[in-house]
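This is what each chain is made of:
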Amino acid sequence: MLRYTLRRLLMLGLTLVVASLLVFALTTVLPGDVGRIMLGPFADEAAVAQVNRELGLDQPVVQRYLDWVGGVLRGDWGHSYTLEAPVLPLALERLGRSLLLAGLALALLIPTALAAAVVAGRRAGGWLDRTGSITALVLSAMPEFVTGVLLIMVFGVMLGWLPVQALPPEGSGLPETLRHLLMPALSLALLLFAYLFRMARDGMITELRADYTRTAVLKGLPPGVVIRRHVLRNALLPTVTVIGAQVGWLVGGLVVVESLFRYPGIGGLIHGAALDKDIPLLAGCALLITLVYALANMLADLVYAALNPKVRRGMGGR
């Protein structure tokens, strides 16, 4: 297991190197001139060229990439052109907010989807299974901005139970913060419910029909014990991998939800950086999201290995 973990950490480092290369290469093909964006459309060409020189944008892209990587390794992630602030503290602040929102969404999603999948899988073809499958199908067909608007209209406007804006007032405690984040987190959880529910439901049905399950039942074990000790462990293995993959999307793909609920997370920050061609901010945010995505997938793989003895034996573990 230790060797496997070290190998995954090495792959994590390689992933970050490749991701940084791709992100920096993409910044070179984005339309627009940084100097022109900063000075405005009526600025003199000489002034625009002077700004580009001061930012080092007249240097070859390889030289700029090496300078940026060297700064990242030293803890200097550069300075945002448009927000005029150091990239790393700004990106970490927004990342923390996005992680809080993503964590709440996962806390709502995982137990709900797995409990519904277990109930539906045990009664495959029954009315509970059909109700859950239809609900999942409807939710999967609705974009997050549609569910978000519905939630705002019902719980924010008509009933007035929850605040429409996700960002709580300065100095709010944890309960008030969670109350503000509940609607955006719920819209994300509803969007991902279908995928997780169907994955776990199919796993439950497959494992309930397996020979070892019939053997356990014939031995006289209570149904609850069979489910907990034998079926769930195998049925949830693919689901663990799916959850790990969804974490990266939850952190970096929240632009729509953040915009709808006016929440200043990293999704909106990276979107604005791309529009303004703010290269240091764009590259820094993309690198942080890649790191979170890679760490989540590595954690999912370690959990998968811990649950699956075949994987552990393949790694040379015990």
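Residues numbered from 1 in each chain as written. Predicted model: local features only at pLDDT ≥ 70, side-chain atom pairs only at ≥ 80, totals over all residues. Heavy atoms only, no water.

Looking at an unreviewed UniProt entry, the protein chain carries the name Binding-protein-dependent transport systems inner membrane component, with the source organism given as Alkalilimnicola ehrlichii. Looking at the protein chain in UniProt, the text filed under Sequence similarities (unreviewed entry) is "Belongs to the binding-protein-dependent transport system permease family. OppBC subfamily." What the UniProt record of the protein chain gives under Subcellular location (unreviewed entry) is the line "Cell membrane". (UniProt positions renumbered as here; feature names shortened; annotations may be inferred.)

Caption draft 1: Examining the overall build of the protein chain more closely. Helix and strand content of the protein chain: 15 helices and zero strands. Counting only C-alpha atoms and orienting by the principal axes, one finds that the protein chain spans roughly 85 × 60 × 35 Å. Of all 318 residues assigned to the protein chain, the portion counted as buried reaches 43%. Contacts spanning at least 24 positions in sequence make up 72% of the contacts within the protein chain whose residues lie at least 6 apart. For the protein chain, the exposed area adds up to about 17000 Å²; of that, 67% sits on carbon and sulfur atoms. Computed over 27 positive and 20 negative side-chain charges, the separation of the two mean positions in the protein chain equals 21 Å. (Helix = DSSP H or I, 4+ residues; strand = E, 2+ residues; numbered from the N terminus. Buried < 20%, exposed > 50% of the residue type's maximum accessible area, 1.4 Å probe, protein only. Contact = heavy atoms within 4.5 Å. Areas by Shrake-Rupley, 256 points an atom, 1.4 Å probe, with all protein chains shown as cover. Lys, Arg positive; Asp, Glu negative; His and termini not counted. Charge placed at Lys NZ, Arg CZ, Asp CG, Glu CD.)

Caption draft 2: Inspection of the pattern of salt bridges at higher detail. Evaluated as defined, the whole model comprises five salt bridges. Salt-bridge contacts for arginine 179 lead to glutamate 176; the nearest nitrogen and oxygen are separated by 3.3 Å. Of this pair, arginine 179 and glutamate 176 both sit in helix 8 (residues 174-208), three residues apart, which is roughly one turn of that helix. Among the residues examined, glutamate 176 registers a relative accessible area of 30% and is labelled partly exposed. A cluster of three or more residues bridged by salt bridges with shared partners is formed by Asp129, Arg201 and Asp202. (Salt bridge = Lys/Arg side-chain N within 4 Å of Asp/Glu carboxyl O.)

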